[in-house]
Amino acid sequence: MIQTELFKRLGSEIPVIQTAMGWVATPQLVAASTQAGAFGFLALATSSKDEAIASIDETLRLTDKPFGVNLHMFQPGAAEIIDYVIKHQIRAISYSRSPVPEYISKLKAAGVLCIPTVGEVKHAIKAESLGADALVIQGSEGGGHTGETPTSLLLSEVLKSVKIPVVAAGGFRDGFGLAAAIAWGASGIAMGTRFMMTQESPVPDSTKEAYLSCNTSEIRVTKKFDGLPHRLIFNKYITSLDKASSPRIFLQALVSGWRYKQLSQASFKDIFKAFFGMLKGDKLTIAQTMMAANSPVIIQKAMVEGKPNRGAMPSGQVAGLIVDLPTCGDLIEQIKNEFFIASKNFKEILDES
Ligand SMILES: Cc1cc2nc3c(=O)[nH]c(=O)nc-3n(C[C@H](O)[C@H](O)[C@H](O)COP(=O)(O)O)c2cc1C
């Protein structure tokens, strides 16, 4: 048994979170990761209200294990999705930017654990003051939107600054990493890229191949993709975007933002509400906010349509070290074995001294 207090409350077998990833952490992946013994978060931040509700229903149908959902509290339909989460007693909710205090109070009163992800110590302190039950800290090596501080340093800094349990994310792939995080004082680890590179992940094979064949130096951070520091594989598309002029990026954002509006069935009012929520939360410029509208369409090209060179592939640097696509069950078994090897290593050192 490998267990910590937080994960006992979450109801998973081992202290490992499968994190939310847009178009990746689908009901299919969450069901597989939770059935295997991890705690999975369903990615709903890019879903309309109806899609989010359908995904929650589908996950409830596919797994009898507890799971969580991830959303932006400023996204269109957030209030209704939160009511649905409460109605179905979903175990936990994760969020990052622009948390809404009334929603947090409502969720906590209903017994839903609030576990935001943060990338800076000041955000960790703020999240705790707003009532978070635990935190996931994501170090700079992590995939998707990311901060500047490496996981090991951010974890130590946050552990000193808050009293609630802290889960470490960014760069983890195995049981040795789990043992290291626990040794530091974390309550467990959270992994995105590693779970994306499993058999049950819905990402098309052509795109999984691109992740398998890249190395750590090709997985870098750019702000040119959606205005925020975003860690992605620098394929042909991202490399050229990273060098592009601002007018070209803005034009592209306008076209894709329009397509996103059609895809997500959001009204102009919804889109403006979401934009202003982002502006308020992140102090983005209007141009950067327009660029953010661009990102879902481009990410889907790689992650859904299977065109790795024409789309964007958010990725942790850890993809450079991942060389296989196990099932979630095999991955969790491997993590348990490695954790026991790590514990034996500790024990041998202690016995010798
Ligand atoms: C393909 C991909 C998509 C992601 N999408 C989201 C998302 O929609 N929402 C979110 O909060 N984090 C997202 N992330 C970040 C992950 O949830 C997680 O924090 C991160 O992957 C941890 O670092 P790791 O990849 O080194 O494990 C994404 C990461 C990846 C790799």
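Note that this is a predicted model, so its numbers are computed, not measured. (Residues numbered from 1 in each chain as written. Predicted model: local features only at pLDDT ≥ 70, side-chain atom pairs only at ≥ 80, totals over all residues. Heavy atoms only, no water.)

Undergrad: Can you break down the site of the ligand residue by residue, with the values?
TA: Near the ligand there are 19 residues, and of these A20, Q138, G171, G192 and T193 occur at the shortest range. A distance of 2.9 Å separates an oxygen atom of the ligand from a polar atom in the side chain of T19. A distance of 2.5 Å is found between an oxygen atom of the ligand and a side-chain nitrogen or oxygen belonging to Q138. The fraction of the free accessible surface of the ligand (600 Å²) that becomes covered by protein chains is 87%. Residue composition of the shell around the ligand, grouped by class: 7 nonpolar, 12 polar and no charged. (Near = heavy atom within 4 Å. Polar contact = N/O pair within 3.5 Å; in protein donor to acceptor, adjacent residues only side chain to side chain. Areas by Shrake-Rupley, 256 points an atom, 1.4 Å probe, with all protein chains shown as cover. Nonpolar A, V, L, I, M, F, W, Y, C, P; charged D, E, K, R; others polar.)

Undergrad: A description of the packing of helix α3 (residues 49–62) against helix α4 (residues 78–87) should follow, citing residues and the corresponding values.
TA: Where α3 meets α4, the axes come as close as 9 Å, and the angle between the chain directions of the two elements is 15°. In terms of their interaxial angle, α3 and α4 are classed as roughly parallel. For the pair α3 and α4, the crossing hand works out as right-handed. Along the contact surface, α3 presents K49, A52, I53, I56 and D57, while α4 presents E80, I81, Y84 and V85. Partitioned by chemical class, the residues of the contact of α3 with α4 number 6 nonpolar, no polar and 3 charged. (Axes fitted to C-alpha atoms, helices over the stretch in contact; angles between N-to-C directions. Helix = DSSP H or I, 4+ residues; strand = E, 2+ residues; numbered from the N terminus. Parallel < 35°, antiparallel > 145°, perpendicular 65-115°, else oblique. Left-handed = near helix turned anticlockwise from the far one by under 90°. Contact = heavy atoms within 4.5 Å.)

Undergrad: Can you tell me about the environment of E128, naming the residues and giving the values?
TA: Relative to the assigned elements, E128 resides in helix α6 (residues 121–129). Put simply, E128 and I115 are 13 residues apart on the chain and 9.7 Å apart in space, counted from C-alpha to C-alpha. The residues contacting E128, other than those within four sequence positions of it, are S161, V162, K163 and I164. Among the polar contacts made by the side chain of E128, one reaches the main-chain amide nitrogen of I164 at a distance of 3.3 Å.

Undergrad: Tell me about the pattern of salt bridges, and name the residues and values.
TA: Evaluation of the coordinates by the stated rule reveals 11 salt bridges. For E333, the salt bridge is made with K336, and the minimal N-O distance between the two is 3.1 Å. Here E333 pairs with K336, and both are found in helix α15 (residues 328–352), just 3 residues apart, close to one helical turn. For K336, a relative accessible area of 16% corresponds to the buried category. Salt bridges linked by common partners bring E13, E333 and K336 together as one network. (Salt bridge = Lys/Arg side-chain N within 4 Å of Asp/Glu carboxyl O. Buried < 20%, exposed > 50% of the residue type's maximum accessible area, 1.4 Å probe, protein only.)

Undergrad: Before we move on, could you go through the environment of V167 and cite the residues and values that matter?
TA: Mapped onto the secondary structure, V167 falls in strand β9 (residues 166–169). Residues V167 and V136, spaced 31 residues apart in sequence, show a C-alpha to C-alpha distance of 4.6 Å. Non-local contacts of V167, meaning those with residues more than four positions away in its chain, are made with L6, F7, I17, L135, V136, I137, G188, I189 and A190.

Undergrad: Can you tell me about the packing of aromatic side chains, naming the residues and giving the values?
TA: By the definition in use, this model includes 2 aromatic pairs. For the ring pair F39 and F41, a centre distance of 5.3 Å and an interplane angle of 75° mean the geometry is edge-to-face. Each member of the pair, F39 together with F41, is buried. Their ring planes at 85° and their centres at 6.2 Å tell us that F339 and F340 sit as a pair that is edge-to-face. Classification of F339 as buried rests on a relative accessible area of 14%. (Phe/Tyr/Trp six-rings, centres within 6.5 Å; stacked < 30°, edge-to-face > 60°.)

Undergrad: I'd like to hear about α15, residue by residue, with values.
TA: If you check α15, its first and last C-alpha atoms are 36 Å apart, about what 25 residues at 1.5 Å a residue would give, namely 36 Å. Considered for burial, the residues of α15 that qualify are C328, L331, I332, I335, K336, E338, F339 and A342. Tucked into the core, α15 has its buried residues touching β1 (16–18), α2 (27–36), α8 (175–184), β10 (188–191) and α9 (193–196). (Expected span 1.5 Å × (residues − 1).)

Undergrad: Explain the sheet that holds strand β4 (residues 92–94) to me, using residue names and the numbers behind them.
TA: Overall, parallel pairing links the 9 strands, which are arranged β5-β4-β3-β2-β1-β10-β9-β7-β6 in an open sheet. Because the sheet does not close on itself, it has two edges, and the strands there are β5 (113–114) and β6 (117–118). Of the strand pairs in this sheet, β9 and β10 are connected by 3 bridges, and their pairing is parallel. Its bridge partner lying in β10, A169 is registered against A190. Against the sheet, α8 touches β1, β9 and β10, its axis set at about 135° to β10. (Pairing = 2+ DSSP bridges.)

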